[in-house]
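Breakdown of the fold
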Amino acid sequence: GAVVSQHPSWVICKSGTSVKIECRSLDFQATTMFWYRQFPKQSLMLMATSNEGSKATYEQGVEKDKFLINHASLTLSTLTVTSAHPEDSSFYICSARGVRGRYEQYFGPGTRLTVT
Amino acid sequence: QKEVEQDPGPLSVPEGAIVSLNCTYSNSAFQYFMWYRQYSRKGPELLMYTYSSGNKEDGRFTAQVDKSSKYISLFIRDSQPSDSATYLCAINTDKLIFGTGTRLQVFP
């Protein structure tokens, strides 16, 4: 149990375009989902927290107009990187937390974004 | 002072060795402590979590919390090459606060 998927696993886009990343909890209902980014050989940095049906809460320094997060259902959250720039190239990882496992977060496999 | 400090390594050990991975934290109010394993270019995988002080064992893995010294540890017995990964400690305060991760290499 507690499987989280992400799609796509790898995406290349051109500067100025937008790209959407999906995060799904496959076998549980995720009341809260988190989005992280990770640069090579660095730890995970929390970008935002989203609760189903509510607006996302962004961490300090993260542009909410650039990183649009939607958590429309208990099994799906999306992150859209708008007007992508090469410096947005990174590994984006989502995690999900259900109602029962208040203190357990399960991570997706990550999405590698390369902006050319 | 960072909330969670972790030696980034890398740590290289022979197969069969006992591995000790450690983190320190700054806030004595923290109660939930997590250990994740992350293989290269993959998402982190929850290994174990502990609440408050004490030990928790799961197979070859033991997680230990010493609240008096604000020190958390993960021990891996009989280490295997497949254990080669980055190990991340995290404090769970509704959000996860991660350490920098320790890269472990177990060589045959």
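Our structure is the block above this text.
Reading guide: rules and limits
- Per-chain numbering applies: the sequence of each chain, read as written, is numbered from 1 onward.
- For this description, chains carry letters from A and ligands carry numbers from 1, given in the order in which they are written.
- Per-residue local features of the predicted model are confined to residues with pLDDT of at least 70, and side-chain atom pairs are confined, for both listing and counting, to 80 or more; whole-chain, interface and lining totals are unaffected and use all residues.
- To get the side-chain values, all heavy atoms of the structure are used, and hydrogens and water are removed first.
- A pair of strands is treated as paired once DSSP finds two or more bridges between them.
- Secondary structure elements follow DSSP: runs of H or I no shorter than four residues count as helices, runs of E no shorter than two count as strands, and numbering proceeds from the N terminus.
- Each axis is a line fitted through C-alpha atoms, and for a helix only the stretch in contact is used; angles between axes span 0 to 180 degrees, taken between their N-to-C directions.
- Within this scheme, the nonpolar core is defined by two criteria: the residues are buried Ala, Val, Leu, Ile, Met, Phe, Trp, Tyr or Cys, and they are joined through side-chain atoms within 4.5 Å.
- Only protein chains enter the accessibility calculation, which uses a 1.4 Å probe. A residue is then buried if its area is under 20% of the maximum for its type, exposed if over 50%, and partly exposed in between.
- In what follows, a contact means two residues having at least one pair of non-hydrogen atoms within 4.5 Å.
- Accessible area that two parts lose when put together, evaluated with a 1.4 Å probe and summed over both, is termed the buried area.
- The term salt bridge refers to a side-chain nitrogen of Lys or Arg lying within 4 Å of a carboxyl oxygen of Asp or Glu.
- Within 3.5 Å is the distance limit for a polar contact, defined as a pair of N or O atoms, with the added protein rule that one can donate a hydrogen and the other accept it, and that residues adjacent in sequence qualify only through two side-chain atoms.
- In this count, Pro and Cys sit with the nonpolar residues alongside Ala, Val, Leu, Ile, Met, Phe, Trp and Tyr, while Asp, Glu, Lys and Arg are called charged and the others, Gly among them, polar.
- Centres within 6.5 Å make a pair out of two Phe, Tyr or Trp rings, where for Trp the six-membered ring is used; the pair is then stacked when the planes are under 30 degrees apart, edge-to-face when over 60, and tilted otherwise.
- The disulfide criterion used throughout: a pair of cysteine sulfur atoms within 2.5 Å.

Concerning the sheet that holds strand β7 (residues 67–73) of chain A
Residues and elements named next belong to chain A.
- Strand order across the open sheet formed by 4 strands is β1-β3-β8-β7, with antiparallel pairing between neighbours. The open sheet has two edge strands, β1 (4–7) and β7, and neither has a second partner. Each strand of the sheet is rotated relative to its neighbour by a mean of 15°, with strand direction disregarded.
- In the sheet, β7 pairs with strand β8 (residues 76–81) via 5 bridges, with the strands oriented antiparallel. Counted as the bridge partner of I69 is L79 from β8.

Topic: the nonpolar core
- Formed by 25 residues in total, the largest nonpolar core has its most connected members in W35, I72, L74 and Y87 of chain B.
- Where this core is concerned, the elements lending two or more residues are β3 (19–25), β4 (32–38), β5 (45–51), β7 (61–66), β8 (71–76), β9 (85–92) and β11 (102–107) of chain B.
- With near-sequence residues (within four places) excluded, L74 of chain B lies in contact with V19, S20, L21, W35, L47, M48, F61, T62, A63 and Y87 of chain B.
- Core analysis: the next-biggest nonpolar cluster, separate from the first, contains 23 residues, W35, I69, A84 and C94 of chain A among them.

Looking at the pairing of strand β6 (residues 54–58) of chain B
Residue and element names in this part refer to chain B.
- Here β6 pairs with β7 via 5 bridges, running antiparallel. Its bridge partner being in β7, N55 is matched across the sheet by Q64.
- Count of turn residues in the β6/β7 antiparallel hairpin: 2 residues, of which G59 carries a positive phi of about 65°.

With respect to the interface of chain B and chain A
- Between chain B and chain A, the residue contacts involve 19 residues of the former and 21 residues of the latter.
- Here chain B packs against chain A, burying approximately 1600 Å² in sum over the two surfaces, 55% of which is carbon and sulfur.
- In this structure, E59 of chain A engages K95 of chain B in a salt bridge whose closest nitrogen and oxygen atoms are separated by 3.0 Å.
- Run the count over chain B and chain A and you get 5 residue pairs in polar contact (both at pLDDT 80 or more).
- Mapped onto the side of chain B that touches chain A, the elements with two or more residues apiece are β4, β5, β9 and β10 (96–98) of chain B.
- The element that contributes the greatest number of residues to the side of chain B that touches chain A is β4 of chain B, accounting for 4 residues.
- Of the residues contributing to the side of chain B that touches chain A, the split by class is 9 nonpolar, 5 polar and 5 charged.

A few points about the packing of aromatic side chains
All names here are of chain B.
- For the coordinates displayed, the defined rule picks out 10 aromatic pairs over all chains.
- Both rings, one in Y32 and one in Y51, keep their centres 4.8 Å apart while their planes meet at 45°; by these two values the pair is tilted. In this pair, Y32 sits in strand β4 while Y51 sits in strand β5, placing the two residues 19 residues apart along the sequence.
- Between the aromatic rings of Y36 and F98, the centroid separation amounts to 5.7 Å while the plane-to-plane angle is 55°, which identifies the pairing as tilted.

Considerations on the state of the cysteines
- For the structure on display, the rule yields 2 disulfides over all chains.
- Disulfide partner of C23 of chain A: C94 of chain A, at an S-S distance of 2.0 Å. Disulfide C23 of chain A-C94 of chain A: the torsion about the S-S bond is 80°, which places it as right-handed. Highlighted residues: C23 of chain A in strand β3 (residues 19–25) and C94 of chain A in strand β9 (residues 90–98), separated in sequence by 71 residues.
- You can call C23 of chain A buried: its relative accessible area is 0%.
- A disulfide bridge connects C23 of chain B with C89 of chain B, and the sulfur atoms are separated by 2.0 Å. In this structure, the disulfide formed by C23 of chain B and C89 of chain B twists by about -105° around the S-S bond and is classed as left-handed. Pair noted here: C23 of chain B is in strand β3 and C89 of chain B is in strand β9, with a separation of 66 residues, a long-range link.
- Unpaired in terms of disulfides, C13 of chain A finds its nearest cysteine sulfur in C94 of chain A, a separation of 18 Å.
- Classification of C13 of chain A as buried rests on a relative accessible area of 10%.

All quantities given are derived from atomic positions and should not be read as evidence of function.
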